Amino acid sequence: MLYWLAQTMDFAGVFNLIRYLSFRAGAAIFTALLIGLLIGPKFIGWLRVRQGKGQPIRSDGPQTHLAKRGTPTMGGLMILTSMVASVLLWMDLSSIYIWACLFVTLGFGAIGFMDDYDKVTKASHKGLSGKARLLAEFLIAGIAAWMIVHHHGNTALYVPFYNGPAIELGPFYFCFAAFVIVAFGNAVNLTDGLDGLATMPVIIASLAFMLIVYLVGRADFADYLGIPHVPGAGNLTILCGAIVGAGLAFLWFNAPPAAVFMGDTGSLALGGTIGVIAVTAHHEIVLGIIGGLFVVEAMSVIIQVFFYKRTGRRVFKMAPIHHHFEQLGWAEPTVVIRFWIIAFVLALAGLATLKLR
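In this text, all values refer to a predicted model and were calculated from it rather than measured experimentally.

(A) Spatial organisation of the overall build of the protein. When you go through the protein residue by residue, the secondary structure sums to 14 helices and two strands. Relative to its full complement of 357 residues, the protein shows a buried share of 52%. Partitioning the intrachain contacts of the protein with sequence separation of at least 6 by distance along the chain shows that 75% fall at a separation of at least 24. Only carbon and sulfur atoms are counted for the fraction: they give 70% of the accessible area of the protein, which is about 15900 Å².

Spelled out as structure tokens, the structure:
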């Protein structure tokens, strides 16, 4: 909004800064952080009154989690409010990429909200039907993929550490892109099981992609680094910045002991948003490196279910894998901080692929 005003009106002096992506990305971080901190206390109080018993806690989970009963969920609404408000304030309104990403953010957020609402009202941790949920997610992700590809027309898959020609997927790219968005959304959702566990890795991944989308959007940098150039992708730095600011604000209230849980409303939306950002920048494989922690969490669930159904035995003491380490005797803060460190290292590894081609 402010960028559009700066373009249409003859601003001078400090207002010219609004035209620069770097300034607006920084402003988006600060704006989302400020909004989140301001609305947080009243928002959490409202959730606590409306939900009563809060998020249902699994009786078969770690016994230490039973003390969290009564903690309200759907804190993702706070994240999405501050994040979307900041993006709308600082974005380029003509950017189809940001609109596609916001479509996924709000669409996945709505699915997560319905899932959280179902859990709270029925006092059950099961939520919506898995098949119906996935169908809705793929529909939203497919539309977003079509919006992006229809704009830039590129259906190639770029492989990191390789400077040869990209792999042309043609029409299959739409299915691949939708899968990336849905898979990452659910991977972040599965990771959100401990106070602060998913929030900081999401912030770290967003910071990494803030740099990636900026470089991808610049023809000179993209050519020098040998990465795909996507004109206009640089505008997604605003969205990445808003995720960082909103995430930091939420972490203020979600730090142990959490005053509010993110819920599927936030985790599904944030994961899907990072997934669609990676699709826009044509860094889908790099997403698997930067978001490797989320990939491992999701794979631990898949492996556990696969082997248990076929052998009746568990590979891990409990899945997702963060619960496995809790069962081994690690304290919750220990698991969280060590996983943060892993997420940071993986983000650096993902960024290293920008030049290793």
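Having seen it, we continue.
(B) Representation of the pattern of salt bridges. This structure, assessed with the given rule, holds six salt bridges. The salt bridge partner of Arg 133 is Asp 115, with a shortest N-O separation of 2.9 Å. Taken together, the positions of Arg 133 in helix α5 (residues 130–152) and Asp 115 in helix α4 (residues 96–122) put the pair 18 residues apart, joining distant regions of the chain. Judged on exposure class, the residue Arg 133 and its partner Asp 115 are both buried. Between Lys 119 and Asp 264 there is a salt bridge whose closest N-O contact spans 3.2 Å. Here Asp 264 lies in helix α10 (residues 263–280) and Lys 119 lies in helix α4, a separation of 145 residues in the sequence. As far as burial versus exposure is concerned, Lys 119 and Asp 264 are alike and both buried. In the salt-bridge network here, residues are joined through shared partners; they are Asp 115, Lys 119, Arg 133, Glu 137 and Asp 264.

(C) Quick peek at a nonpolar patch on the surface. Together, Ile 337, Ile 341, Phe 344, Val 345 and Leu 348 line one region of the surface with nonpolar side chains, adding up to about 480 Å² of accessible area. Within the secondary structure layout, Val 345 lies in helix α14 (residues 332–352).

(D) Summary view of α10. A rise of 1.5 Å per residue sets the reference length of α10, with its 18 residues, at 26 Å; its end C-alpha atoms lie 26 Å apart and thus fit the reference within 8%. The element α10 is extensively covered by neighbouring structure, given that 18 of its 18 residues are classed as buried. Once α10 finishes, His 282 follows within two positions and takes phi at roughly 55°, a positive value.

(E) A look at helix α3 (residues 76–90). In this model α3 runs 21 Å from its N-terminal to its C-terminal C-alpha over 15 residues, within 8% of the 21 Å that 1.5 Å per residue would give. Along α3, the residues classified as buried are Gly 76, Met 78, Ile 79, Leu 80, Ser 82, Met 83, Val 84, Ser 86, Val 87 and Trp 90.

(F) How the structure looks around the packing of aromatic side chains. Across all of its chains, the model carries nine aromatic pairs by this definition. Each ring, one from Phe 113 and one from Tyr 117, has its centre 6.2 Å from the other, and the planes form 25°; the classification is stacked. Note that Phe 113 and Tyr 117 are positioned in helix α4 at a spacing of four residues, about one turn of the helix. The ring of Trp 330 carries the charged tip of Arg 338 above its face, separated from the ring centre by 4.6 Å.

(G) Quick peek at the nonpolar core. In terms of nonpolar packing, the biggest core is built from 90 residues, with Phe 209, Leu 239 and Ile 277 touching the most fellow members. Other than its neighbours up to four places away in sequence, Ile 277 contacts Cys 101, Phe 209, Val 213, Leu 236, Leu 239, Cys 240 and Ile 243. Grouped together as the second largest cluster of nonpolar side chains are six residues, Ile 18, Ala 25, Ala 28 and Ile 238 included.

Thresholds applied
- Residues numbered from 1 in each chain as written.
- Predicted model: local features only at pLDDT ≥ 70, side-chain atom pairs only at ≥ 80, totals over all residues.
- Heavy atoms only, no water.
- Helix = DSSP H or I, 4+ residues; strand = E, 2+ residues; numbered from the N terminus.
- Buried < 20%, exposed > 50% of the residue type's maximum accessible area, 1.4 Å probe, protein only.
- Contact = heavy atoms within 4.5 Å.
- Areas by Shrake-Rupley, 256 points an atom, 1.4 Å probe, with all protein chains shown as cover.
- Salt bridge = Lys/Arg side-chain N within 4 Å of Asp/Glu carboxyl O.
- Patch = residues over 30% accessible without salt bridge, like charges linked within 9 Å, V, L, I, M, F, W, Y side chains within 5 Å.
- Expected span 1.5 Å × (residues − 1).
- Phe/Tyr/Trp six-rings, centres within 6.5 Å; stacked < 30°, edge-to-face > 60°.
- Lys NZ or Arg CZ within 6 Å of the ring centre and 35° of its normal.
- Core = buried A, V, L, I, M, F, W, Y, C linked by side-chain atoms within 4.5 Å.

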